[in-house]
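# A closer look at the structure
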Amino acid sequence: MRADPASAAYDIFEANRARGAVHFDVHLQDGVTRRRHLHESGSLRVRFPSPEDHGLSAMFVNTAGGIAGGDHFAIEIAAGQGTRLTLTTAAAEKVYRAPGKPAALDISLKVAGGAHLSWLPQETILFDRADIARRIDIDLDETASLLLCEIVVFGRTAMGETMREGSFVDHWRVRRGGRLVFAETVRLTGDIGGKLAQRAIAKGGAAIGTALIAPGDAALVERIREAAPSFGGEVGLSAWNGFAMARFCAQDAARLRADMMAVLRPASEVPLPRLWLN
């Protein structure tokens, strides 16, 4: 009995899906943040540049060269008592079309008492017909601090590319002292290009972003607003219950990245990763 060529091709595709995981924790050693346990698997790696005065920096590298349908990546980080940790990526992450199953990215961040964690990856770029589901779970101690930002780009406008169809589902859950304090799900599916063109969604913008800052208050929001004349896109700011948030929308990634940097600088004493400044 001859095998179905389409079925055989699908089996080969499934067998070659990328898998990657990084799990590590950091702790204080003689007053300096140092990594402790580290586990890497598959095509996801983490590298630690030279220690800096403000804490430890870590950089994720996806050796698969991007994310495609059916791929799965998992990141689990724990920042111990009093530590200071900055996380970024070596490059913008590219999400390619998904002919079958969606790609999945699961991120878990735990920040202990008195610790600070900055989650500052470079952009996530979605190509036409990309399909990805991402989940970010954050567990903060009552005395922990957080600076978290994410930028999503729907097609590289500088290259004349647009994202017409696909699926982007993004779940964020933040707990403070074990209590759920922030929950959000962004779901853009089907005719993404048409939806982004709508005035109430992105008014034709191709890049969106979010920065979540804890602790954050109205005074911080006012300091950030002082940079408003330099914004190249739309930026919305708010503060509630000890958190501050900035929402971004721009016509292209370059403008949104510049706006994000203008917000992040007054939001934290921790310098931006050097890769952000290139």
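A short tour of the structure in this document, coming up.

This part covers the overall build of the protein. A count of helices and strands for the protein gives four helices and 17 strands. Seen through its C-alpha atoms, the protein measures out along the principal axes to roughly 65 × 45 × 35 Å. The proportion of buried residues among the 278 residues of the protein is 47%. In the protein, of all internal contacts separated by at least 6 residues, the share reaching a separation of at least 24 is 72%. Surface exposure of the protein reaches about 13400 Å², of which carbon and sulfur atoms provide 51%. Charge centroids of the protein, computed over 33 positive and 32 negative side chains, lie 2 Å from each other.

Overall, mixed pairing links the seven strands, which are arranged β2-β1-β5-β8-β11-β13-β14 in an open sheet. Two strands bound the open sheet, and with one partner strand each, they are β2 (32–42) and β14 (179–190). For this sheet, the mean angle separating the axes of adjacent strands, direction not counted, is 5 degrees.

This paragraph deals with the pattern of salt bridges. Overall, the coordinates contain 10 salt bridges when judged by the stated rule. Glu40 serves as the salt-bridge partner of Arg47, at 3.2 Å between the closest nitrogen and oxygen. Arg47 sits in the partly exposed class, given a relative accessible area of 42%. When the shortest N-O distance is used, the salt bridge between Asp252 and Arg255 registers 3.0 Å. Note on Arg255: relative accessible area 38%, which makes it partly exposed. The structure contains a network of salt bridges with shared partners spanning Arg134, Glu150 and Asp170.

This next bit is on the nonpolar core. By size, the foremost hydrophobic cluster in this structure holds 50 residues, and its most contacted members are Phe24, Leu87 and Leu117. Here the element with the most residues in this core is strand β8 (residues 103–111); it accounts for five residues. Look past the residues within four positions of Leu117 in its chain and what remains in contact with it is Ile77, Ala79, Leu85, Leu87, Leu109, Val111, Ser145, Leu146 and Leu147. Core analysis: the next-biggest nonpolar cluster, separate from the first, contains 29 residues, Leu237, Ala250, Met261 and Ala262 among them.

With seven of its eight residues buried, strand β15 (residues 207–214) lies for the most part within the structure. Two elements, strand β12 (residues 145–154) and β15, share eight bridges in a ladder whose sense is antiparallel. Bridged to Leu148 within β15 is Leu212. Examined bridge by bridge, β15 and strand β17 (residues 243–250) share seven bridges and lie antiparallel to one another. Looking at β17, one finds that Ile213 is bridged to Ala244.

Scoring rules and cut-offs
- Residues numbered from 1 in each chain as written.
- Predicted model: local features only at pLDDT ≥ 70, side-chain atom pairs only at ≥ 80, totals over all residues.
- Heavy atoms only, no water.
- Helix = DSSP H or I, 4+ residues; strand = E, 2+ residues; numbered from the N terminus.
- Buried < 20%, exposed > 50% of the residue type's maximum accessible area, 1.4 Å probe, protein only.
- Contact = heavy atoms within 4.5 Å.
- Areas by Shrake-Rupley, 256 points an atom, 1.4 Å probe, with all protein chains shown as cover.
- Lys, Arg positive; Asp, Glu negative; His and termini not counted.
- Charge placed at Lys NZ, Arg CZ, Asp CG, Glu CD.
- Pairing = 2+ DSSP bridges.
- Axes fitted to C-alpha atoms, helices over the stretch in contact; angles between N-to-C directions.
- Salt bridge = Lys/Arg side-chain N within 4 Å of Asp/Glu carboxyl O.
- Core = buried A, V, L, I, M, F, W, Y, C linked by side-chain atoms within 4.5 Å.

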